[in-house]
Amino acid sequence: MGLLDRMEGEVTGSQGRLFNLTLVCTLLTLATGGVYSFWMRTRIRRWLWSSLRIGGAPFEYYGRPTEKLVGFLFAAVVVAIWLGLVTMVLIWVSLNLFTSAAPGTLAAFALIVPIYYYAQYRGMRYMLGHTRWRGLSFWMEPGAWGYAWRAIAWGLLVIATLGLAIPARRRALWRYRTERARWGDAAFAFDARLGDLYRVFLPLAVMLAASIAIGVFGVSRAEGGDGRLLALLLITLPITLLFYVHWKVRSFAILASGIRLAAGPDLSVAPRVGRVIGIHILGWLAAGLAIAVALGVVAALGGVAAMGQDLQHFETDPPIGLIAVFVGASYLVFFVLRGAFSTVFVTYPLIRHVAGSLVVANPAALAQVGRGEGERMADADGFANLFDSGIGI
């Protein structure tokens, strides 16, 4: 193919610069008790978007942190009311019908599931609706509740088929999102084939079924004193995990490569399974080491503060205030740093790897795309922030 027949992806920003930005934002987030996290998320998104380029043209992110803050507060109030009022009603009904609060409590938490998927779709819609490329904005049609009930219905089918419907469910949800996405006045289309997904899913399904069978029969044999069958799990479980990673990476490549603009350009990506595994192992080791160091600093500061306390009566009169501050600080440090360092050491290398394999064919058709009339979400992705549903970056 000639140079005019394809456009390739790349990431131009350095991991060191991202680390510095993330470190500053993390310290500000910790200093403000988490409030700065909305500004932190916005700054990191802008940096990542501007680093990602296709055909040399960078992406732009123009979301605002105040939108995220207001959206989060609204979502928190809605969920709090939902959990409070609905849970009380369901427990009251459960006590009267079953003389137990357990069914009502289970039903209340089950009703959170559609809100979770509702949050997922709205988060993706907000993020896409605040992204530009080559001067044109992306946007997404409303459809959060439609996405939620489809996700639940497909989830029930997965349970009914003992997992065999997993590829079909994943493809259906990708299709729903993709066909409601737009770039300027051009619609996206989706043509990933279900057979391709089942071909990469079959090894995982076979190995998982074999591991379950070995476990079930191995337990019965072990009760009779023969544990040799259970020992096979030391072989089958690592292989199952490897096939699971292979399924996740290859299915993503198939689904992402099935996205195209109705105007003509096709997208393809080809991430490598071994590279993805290496990124996760090295990335989480680096992130875990950094988090451990930070928690060690918190523990040391807690120890210094405890030296000024009367520890002789610790069991009878413990310093509740100091303990509460220490636990709260550790909790905040762990979760803030987990998100921050996973972005630097895991998410960023994955974006760089996938972008390096990205190719857009027939890019000449992009010149025919106009601005469009996209609908902009002004209330941000508050529910997605509340549930931390994987679209934070």
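Residues numbered from 1 in each chain as written. Predicted model: local features only at pLDDT ≥ 70, side-chain atom pairs only at ≥ 80, totals over all residues. Heavy atoms only, no water.

Visitor: What is the right way to read the overall build of the protein from this model?
Guide: Scanning the protein from terminus to terminus reveals 13 helices and 10 strands. Nonlocal contacts in the protein, meaning residues at least 24 apart in sequence, comprise 75% of its contacts between residues at least 6 apart. Carbon together with sulfur atoms contributes 69% to the accessible area of the protein, which is approximately 21,000 Å² in total. (Helix = DSSP H or I, 4+ residues; strand = E, 2+ residues; numbered from the N terminus. Contact = heavy atoms within 4.5 Å. Areas by Shrake-Rupley, 256 points an atom, 1.4 Å probe, with all protein chains shown as cover.)

Visitor: Sorry, what's going on with helix α1 (residues 15-31) here?
Guide: Along an α-helix, a turn takes 3.6 residues, which lines up residues three or four apart on a common side. With 17 residues, α1 should reach 24 Å at 1.5 Å per residue; the first-to-last C-alpha distance of 24 Å fits that figure. Residues of α1 that are buried: Leu18, Leu21, Thr22, Cys25, Thr26 and Thr29. One side of α1 carries all its buried residues, which in axial view fall inside an arc of 135°. Residues of α1 that are exposed and point more than 90 degrees away from the buried face comprise Arg17, Leu27 and Ala31. Phi turns positive, to about 65°, at glycine 33, one or two residues after α1. (Expected span 1.5 Å × (residues − 1). Buried < 20%, exposed > 50% of the residue type's maximum accessible area, 1.4 Å probe, protein only. Arc of directions from axis to C-beta.)

Visitor: Which parts of the structure should I look at to understand the packing of aromatic side chains?
Guide: The description of two aromatic rings rests on the distance between their centres and on the angle between their planes. A full pass over the atoms with the stated rule returns 19 aromatic pairs. Here phenylalanine 59 and phenylalanine 138 contribute two aromatic rings whose centre-to-centre distance is 6.2 Å and whose plane-to-plane angle is 20°, an arrangement assigned as stacked. In this pair, phenylalanine 59 is assigned in strand β3 (residues 57-61) and phenylalanine 138 in strand β5 (residues 136-140), connecting sequence segments 79 residues apart. By relative accessible area, which is 13% here, phenylalanine 59 ends up buried. Joined through ring pairs, the aromatic side chains of Phe59, Trp133, Phe138, Trp183 and Phe188 make up one cluster. (Phe/Tyr/Trp six-rings, centres within 6.5 Å; stacked < 30°, edge-to-face > 60°.)

Visitor: What is the right way to look at the pattern of salt bridges in this model?
Guide: As enumerated under the stated definition, the model contains eight salt bridges in all. One salt bridge connects arginine 6 with glutamate 8, and the closest N-O pair in it is separated by 3.0 Å. Between arginine 260 and aspartate 191 there is a salt bridge; the shortest N-O distance is 3.2 Å. Of the two residues, arginine 260 is situated in strand β8 (residues 259-261) and aspartate 191 in the loop between β7 (186-190) and α8 (194-223); the sequence distance between them amounts to 69 residues. Judged by relative accessible area, which is 27%, arginine 260 ranks as partly exposed. Classification of aspartate 191 as partly exposed rests on a relative accessible area of 41%. Connected through shared salt-bridge partners, Arg193, Asp196 and Arg199 make up one network. (Salt bridge = Lys/Arg side-chain N within 4 Å of Asp/Glu carboxyl O.)

Visitor: Help me understand the nonpolar core, please; the structure alone is not making it clear to me.
Guide: Across soluble globular proteins, nonpolar side chains have a tendency to be buried as a group. If you look at the biggest cluster of nonpolar residues, it comprises 48 residues, and the most contacted ones within it are Leu18, Leu48, Ile54, Trp133, Trp183 and Phe188. Membership of the second largest hydrophobic core comes to 11 residues, among which are Tyr118, Tyr121, Leu173 and Tyr176. (Core = buried A, V, L, I, M, F, W, Y, C linked by side-chain atoms within 4.5 Å.)

Visitor: Can you walk me through helix α5 (residues 112-129) in this structure?
Guide: Over its 18 residues, α5 runs 25 Å from end to end, which matches the ideal 26 Å to within 8%, given 1.5 Å per residue. With 14 of its 18 residues buried, α5 lies for the most part within the structure.

Visitor: Teacher, can you tell me more about a nonpolar patch on the surface here?
Guide: On the surface, Val89, Trp92, Val93, Leu97 and Phe98 cluster together into a nonpolar patch covering about 550 Å² of accessible area. Inspection of the secondary structure puts phenylalanine 98 in helix α3 (residues 65-98). On the accessibility criterion, phenylalanine 98 (51% relative accessible area) is exposed. (Patch = residues over 30% accessible without salt bridge, like charges linked within 9 Å, V, L, I, M, F, W, Y side chains within 5 Å.)

Visitor: What is the right way to read the confidence of the model for the protein from this model?
Guide: When pLDDT is averaged across the protein, the result is 84; 86% of the residues are at 70 or more. Within the protein, helix α13 (residues 382-387) has the poorest average pLDDT of any element, 54, and helix α7 (residues 166-178) the best, 97. Under a pLDDT of 50 for its full length, residues 389-393 has, in the predicted model, 19 contacts with residues more than four places off or in other chains. (pLDDT = per-residue confidence, 0-100.)

Visitor: Is there a simple way to explain the pairing of β7 in this structure?
Guide: Along a regular strand, successive side chains alternate from one face of the sheet to the other. Of all five residues in β7, four are buried; the element is thus mostly enclosed. Bridging between strand β6 (residues 181-183) and β7 involves two bridges; their strand directions are antiparallel. If you follow arginine 182 over to β7, its bridge partner there is alanine 187. Between β6 and β7, which pair antiparallel one after the other, the connecting turn spans two residues, and glycine 184 there sits at a positive phi close to 60°. Note that β7 and β8 share three bridges and pair antiparallel. Among the inter-strand pairings, alanine 189 is bridged to a residue of β8, identified as arginine 260. (Pairing = 2+ DSSP bridges.)

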